[in-house]
Amino acid sequence: MKIKKKLIYCFVFTGILIGLCGCDSKNNSDDVAPTIDMVLDTNYEGIWNRTNVHSGYYGTVEITNQDEDGFDFMGNFSYYSHVGSLEGRAYFQEDGTAVYEYVSDMEGQENQYVYFTMTETGLIISATGSSGDLGFGMNVSADGDYTTEEPEYTNATVLEDNFTDEELESIKSVLTEEYYDDYFKNVIELGVLEVSECTLEDGSKAVYYNGFIPTMGYYNFELLKCDNGDIYYYNYEIGWKTNVSGAIDFPIFTVDE
């Protein structure tokens, strides 16, 4: 792909804008060319945060030094504990996007492209290639919707959505203050929580929770919360915790269909 590093414009009669450039475009050739206002009056500058994703997919991009050709950017991205960063200059294209060309320093590896597209609701970033092609850690991506406002995370209320205050206090009493935050609360707020309704052998009900932070093996747990108040918890690092005297394992249960 040839990245256009200069936009040349002329006005014909009534001010119809024609972009005189022979570059290739990511979009089809029948796309409507932008006006000067669309390219020059759109302010890309600022700090953009990836939004409407899990907080483990954190991403932030700072855009500076915008002019008629393009802008500079610096981005940091994550997939839980895996990270990646990218910086350079993106150049405006006829289709209204700005494009950054990533030139790999690895012999034989193709160049990749990062596209910045402004919409009415914010900035969309998309990139070609895989995480490794851009020099990122495993599963790290720059793709997504970005906002200059406070980002919204899909897991922001997962703790209160699944536990009452009374239940959290009971779990804290089992784990103690020493382990509650690191091996329960933080795992849920920063990671993934799988929830299953269950039935014990005696026909009573319980809820089974499997919590984990991808890429961080020790930060995980299994928890069984029974309707009668019994709590069973296990983590590989801190071991077995329960409020049931003499219990050394989870009771037998089946996951409800």
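Look up a bit, the structure's there.
What you see is a predicted model; the values in this text were computed from it and never measured.

A.B. asks: I keep staring at the nonpolar core and nothing clicks. Help me out?
C.D. replies: One recurring pattern in soluble globular proteins: nonpolar side chains tend to sit buried together. Of all hydrophobic cores here, the largest spans 46 residues; its most connected members are Phe71, Phe116, Phe163, Phe184 and Phe221. By residue number, the principal contributor to this core is helix α3 (residues 165-190), which donates nine residues. Discounting residues that sit within four places of it in the chain, Phe184 has contacts with Leu159, Phe163, Leu168, Ile171, Leu175, Tyr179, Phe221 and Leu223. Core analysis: the next-biggest nonpolar cluster, separate from the first, contains nine residues, Cys198, Leu224, Tyr232 and Ala247 among them.

A.B. asks: Help me understand the packing of aromatic side chains, please; the structure alone is not making it clear to me.
C.D. replies: What characterises a pair of aromatic rings is the spacing of the ring centres plus the angle enclosed by the ring planes. Applying the stated criterion across every chain yields a total of 22 aromatic pairs. Ring centres of Tyr57 and Tyr79 lie 5.4 Å apart, and the angle between their planes is 75 degrees; this geometry places the pair in the edge-to-face category. You can see Tyr57 sitting in the loop between β3 (46-51) and β4 (59-64) and its partner Tyr79 sitting in strand β5 (residues 70-79), a full 22 residues away along the chain. Residue class for Tyr57 comes out partly exposed when judged on its relative accessible area of 33%. Tyr79 sits in the buried class, given a relative accessible area of 15%. Consider the rings of Phe163 and Phe184, whose centres lie 5.5 Å apart with planes at 70 degrees: the pair is edge-to-face.

A.B. asks: Quick question: what am I supposed to make of the pairing of strand β15 (residues 239-242) here?
C.D. replies: Judged from the four bridges that link them, strand β14 (residues 231-235) and β15 form a sheet pairing that is antiparallel. Directly across from Asn235, in β15, lies its bridge partner Gly239. Following β14, the chain reverses through three residues before pairing antiparallel with β15.

A.B. asks: Where do I start with a negative patch on the surface in this structure?
C.D. replies: Where like charges cluster on the molecular surface, the negative patch consists of Glu160, Asp161, Asp165, Glu169, Glu177, Asp181 and Asp182. Those elements giving two or more residues to the negative patch turn out to be α2 (158-162) and α3. The element best represented in the negative patch is α3, accounting for five residues. By the secondary structure assignment, Glu160 is in helix α2. On the basis of relative accessibility, which here comes to 51%, the residue Glu160 falls in the exposed class.

Calculation notes
Residues take numbers from 1 onward in each chain, read along the sequence in its written order. Owing to the predicted nature of the model, reporting of local features is limited to residues with pLDDT of at least 70; listing and counting of side-chain atom pairs is limited to 80 or more, with chain, interface and lining totals taken over all residues. In computing side-chain values, all of the structure's heavy atoms are included and hydrogens and water are not. What we call a nonpolar core is a set of buried Ala, Val, Leu, Ile, Met, Phe, Trp, Tyr and Cys residues that are connected through their side-chain atoms within 4.5 Å. Only protein chains enter the accessibility calculation, which uses a 1.4 Å probe. A residue is then buried if its area is under 20% of the maximum for its type, exposed if over 50%, and partly exposed in between. A run of DSSP states H or I qualifies as a helix once it reaches four residues; a run of E qualifies as a strand once it reaches two. Both are numbered from the N-terminal end. Two residues qualify as a contact provided that any one of their heavy atoms is within 4.5 Å of a heavy atom in the partner residue. In this scheme Phe, Tyr and Trp rings, the latter by its six-membered ring, pair at centre separations within 6.5 Å, and the angle between planes marks the pair as stacked below 30 degrees, edge-to-face above 60, and tilted otherwise. When DSSP finds at least two bridges between two strands, those strands are taken to pair. What makes a patch is a set of residues exposed beyond 30% relative accessible area and free of salt bridges, joined within 9 Å when like-charged and within 5 Å when nonpolar (Val, Leu, Ile, Met, Phe, Trp, Tyr). To be clear on the numbers: accessible area is Shrake-Rupley with a 1.4 Å probe, and residue cover counts the displayed protein chains and nothing else. A pairing counts as a salt bridge when a side-chain nitrogen of Lys or Arg comes within 4 Å of a carboxyl oxygen of Asp or Glu. Positive: Lys, Arg. Negative: Asp, Glu. His and the chain ends are not part of the count. By convention, the point assigned to a charge is CZ for Arg, NZ for Lys, CD for Glu and CG for Asp.

By themselves, these are just geometric observations and shouldn't be taken as functional.
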